[in-house]
Each structure stands twice: as C-alpha cells, then as structure tokens.
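Here's the letter readout for the chains.
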Amino acid sequence: MTAPLRQGPLAEPIMVPVALGTRAYDIVIGRGQLASLGSRIGGLRPGAKCAIVADATVAKHHLAATEAALKSAGIASSAIVVPPGEGSKSYASFETVCEAIVAARIERGDLVVTLGGGVIGDLAGFAAASVRRGLDFVQVPTTLLAQVDSSVGGKTGINSRQGKNLIGAFHQPVLVIADTALLDTLPERDFRAGYAEMAKFGLLGDAAFFTWLEANWRDIFAGGPGREHAIAVCCRGKAGIVARDERETGERALLNLGHTFGHALEAGCGFSSRLLHGEAVALGTALAFEFSARRGLISAADAARAHAHLAAVGLPTHIKDVPGGVPGVDALMDLIAQDKKVKRGRLTFILVRGIGQAFVENDVDAAQVRAFLADKLAQQ
Ligand code: NAD
Ligand code: GLY
C-alpha cells in the first residue's frame, strides 16, 4: 500500500481493552503509535529488556524504528530475524527463535516483542510461551490480518506436517500496538488477504458492520479514516469474544468461520504463496456460505451477497480461482479430518443462518461435505 505518510503530532489512539482479569491488556490502535512502544513497555515492566522477533521483510522496513522507540525509553533490545512466510511457522524456526531468546539472556521479567504479521506473532508468541516456561510478550502487528485478528486473543503456535496450527499454546500478550502507518509498506495482496478476516467479523456476527464494509471498503484500502474505525470494530468484537471464551470451549469457535475449508485448502496448496492464509479464509468463507445454503440454512441471495463482496475486493471465492488448482476430494477430506475442531471423528463446521448469524454445527455428516466438495471441484 502506498498511502502517503502523514506528519504531525501523534493523534490520540483508539484504546480497546481485553478484559481478562489479572491478564487484561490493551490494544492501542492508531497511526504512529509504534513511537509509544518504549514508554508503554517502560510503564508496564520497568527495567525490562526486549528481544524483538521479526521476519526479514518487516525488519528491513520497521526494525530500526522499533529499536529507536525502545531506545528512546532507555530499553535495551536485541533482534532475531527469520525468513518471511508461512514456512517459518515450523519446528526449525521455533528452535531458532527459542535459542536466540535464551542466548540474548531474556529472563522472566523481560519481554519478547513480535514485530510482524500473523506468522511472526504466532511463532514468536509460542516461543515466548515456551522459553523459561513463559515470558511476557508484546504484539506489534504489521499486517492488516494481524491488526484485526491474530495479535489479539493469545493463540500462538506453529504448523505440523499434518496440518495447520496443530502445535501451540494459549498465551496472552501484555500489550498490542497496532500502528496503522506500518501498513503503508504492506503489499496490496497481503493487505487484501487480511481484509478477508475483517469481512469475516461482519459475516459471523455483525450484519451492520458487514453492510458498512460493503459501502466503505475502498476507504479502508485507501488508508482513509475508515481503516482505523474498522480495525477497532474488529478488535472490540474479538476482545469481547476472547474475554467470554478464552479457551474456545464455545463462542470463540465462531471466529473460525471459513477456516475448516480454508485450512484444508491452504495445507493442500503446501502453505505456499499460491494461496495466502487470508485468501484461504475468503474462499473457505464463501464455501461455508454455499454449504449453508445447500443445507437450507440460508437463502441463495445471502450466500451470493457474501460471495459478491469478497469477490468485489478481489479475493478468491471459487476453487478455480486458486492458481495451479487444489488437491482432490480424498486429500481435502483427509486434511479436514485433522482440523482441531474434530471431536471423536465428528466434523464441526461454522455455518450461518444469515449474514452475521454464524453458529457452531457439530456432527456434520462427512459424506455431505465430500459430496459438496466433489461438486465444487467438478466446477473447476
Ligand atoms: P505474514 O505474517 O506471513 O505476513 C504476510 C507477508 O507480509 C509476509 O511476507 C511479511 O514479510 C510481509 N509483511 C508483514 N508486514 C509487513 C509490512 N508492514 N510491510 C511489508 N511487508 C510486510 O502473514 P499474515 O497474513 O499476517 O498472517 C497469516 C498467519 O496468521 C497464518 O499463519 C495464520 O494461521 C495466522 N493467524 C493466526 C491467528 C491467531 O489468532 N493467532 C488468527 C488469524 C491468522
Ligand atoms: N482467529 C481465531 C481465534 O483467535 O480464535
């Protein structure tokens, strides 16, 4: 994205609290808020030093400013840089990051700072959960996806060879700083992929927000005032869900709308750049709406409306939109069977009764899913 940098004094951020009792924390949203990182950390953990974990691309753009923000508050830091991309949510990168945190003498009372998108937040958050049996960490999300979703709520982890996010821990950050100026350097494709998670919030539980997105998405993409408003709406929505159901025993599962199909497709594409995570969520959400329509839960018009919006912003909504194609129905069904929501072999899907009316459907008939996917694959 190439919105011009706006100069001037730091505007008041939007503050979104995550009410988790003794583990409560704030999400700070606003342009330029990275500059407040040092003073906020100094206020929370006086005397702490930090290990900043970033991927190489983000480090090139934003590591110096992050180090400067810490230094200005007298906070010493070291940097740990891993390759960009989903491939870094691996055992190998996890080992690299853990060993580097230990080598940097980051102790209990010090902090890990994740500077990056969902990959870095998940990877370094999991390392923070694990090193010395748990270090505090601060999320500085640098993608739209991470600012609206992955930096909030404490899900951390890496991928297994057998499926996505299968190795991990719940570990809440102590602070999230979503500096929207960091999105200025984000490639448009990654911004659009993150928008899928934003649209998901409307589609799962906030029909009015979805209607607002249909009218205002161009402003969000252009970096207008709607961007911060929309990020805050998503963060407030997610903070509420996480506060009510931190460990996903109920309501939190709704945040996985589109993810059962999406994760299988993403894994089926080898977690490659053929299908980014957010793109897989968009396609998975479109399929979840269609599957709901096939089960008679929603009208064809509602399914078409969800499809139309995702397609309007340029996200994939049909399997044929995936360059190079996807694996066959047997492979996809195998991947779906590895989903974390599978309980004693029964499939669980997040389905919809309308725009903004998602619900958890346990005990979905695998044969019905197979027949649906076979039809979709035949349409390629
Ligand atoms: P990502 O972290 O790989 O970032 C996407 C790309 O953008 C990378 O190439 C990165 O180097 C680059 N990038 C990041 N910030 C940049 C910036 N400001 N300027 C320039 N380039 C930048 O991917 P993502 O889409 O942010 O996150 C996807 C991951 O998030 C997936 O692994 C997914 O499973 C995870 N996720 C986790 C949760 C959760 O609750 N923990 C929720 C949703 C998604
Ligand atoms: N992104 C799903 C969750 O945080 O629960």
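One can find the structure itself at the top, above this paragraph.
Residues numbered from 1 in each chain as written. Chains lettered and ligands numbered in written order. Predicted model: local features only at pLDDT ≥ 70, side-chain atom pairs only at ≥ 80, totals over all residues. Heavy atoms only, no water.

## Quick look at the site of ligand 1
In the region of ligand 1, 28 residues are neighbours, and Asp55, Glu86, Thr142, Thr143 and Thr185 sit closest. Burial of ligand 1 by the protein amounts to 91% of the accessible area it has alone, namely 870 Å². Put simply, the parts of the chain that give the shell around ligand 1 at least two residues each are α2 (56-71), α4 (118-130), α5 (144-150), β8 (163-170) and α6 (188-205). The element that contributes the greatest number of residues to the shell around ligand 1 is α2, accounting for four residues. Looking at side-chain class alone, the shell around ligand 1 contains seven nonpolar, 11 polar and 10 charged residues. (Near = heavy atom within 4 Å. Areas by Shrake-Rupley, 256 points an atom, 1.4 Å probe, with all protein chains shown as cover. Helix = DSSP H or I, 4+ residues; strand = E, 2+ residues; numbered from the N terminus. Nonpolar A, V, L, I, M, F, W, Y, C, P; charged D, E, K, R; others polar.)

## Digging into the sheet that holds strand β4 (residues 77-82)
The pairing of strands in a sheet comes from backbone hydrogen bonds and takes either a parallel or an antiparallel form. The strand order across the open sheet built from seven strands is β1-β2-β9-β6-β5-β3-β4, with neighbouring strands paired in mixed fashion. Across the chains shown, the open sheet's two edge strands, defined by having one partner strand only, are β1 (14-18) and β4. Looking at each pair of strands side by side, their axes are set apart by 20 degrees on average, direction ignored. Taken together, the four bridges between strand β2 (residues 25-29) and strand β9 (residues 175-178) define a ladder with parallel strand orientation. Along β9, the bridge assignment pairs Ile29 with Ala178. Along the sheet face, helix α1 (residues 37-44) touches β1, β2, β3 (50-55), β5 (111-116), β6 (136-141) and β9 and points at about 170 degrees away from the line of β9. (Pairing = 2+ DSSP bridges. Axes fitted to C-alpha atoms, helices over the stretch in contact; angles between N-to-C directions. Contact = heavy atoms within 4.5 Å.)

## Here's the deal with a positive patch on the surface
A contiguous patch of positive charge on the surface is contributed by Arg105, Arg108, Arg132 and Arg133. With respect to the helices and strands, Arg105 occurs in the loop between α3 (91-103) and β5. By relative accessible area, Arg105 is classed as exposed at 57%. (Patch = residues over 30% accessible without salt bridge, like charges linked within 9 Å, V, L, I, M, F, W, Y side chains within 5 Å. Salt bridge = Lys/Arg side-chain N within 4 Å of Asp/Glu carboxyl O. Lys, Arg positive; Asp, Glu negative; His and termini not counted. Charge placed at Lys NZ, Arg CZ, Asp CG, Glu CD. Buried < 20%, exposed > 50% of the residue type's maximum accessible area, 1.4 Å probe, protein only.)

## Digging into the environment of His307
Structurally, the position occupied by His307 is in helix α11 (residues 300-312). Judged by its relative accessible area of 11%, His307 falls in the buried class. The sequence separation of His307 and Thr317 amounts to 10 residues, and the corresponding C-alpha distance is 6.3 Å. In contact with His307, other than residues within four places in its own chain, are Ala286, Glu290, Thr317 and His318. A distance of 3.5 Å separates a polar atom in the side chain of His307 from the backbone oxygen of Ala286. Engagement of the side chain of His307 in a polar contact is seen with the side chain of Glu290, the distance being 3.1 Å. (Polar contact = N/O pair within 3.5 Å; in protein donor to acceptor, adjacent residues only side chain to side chain.)

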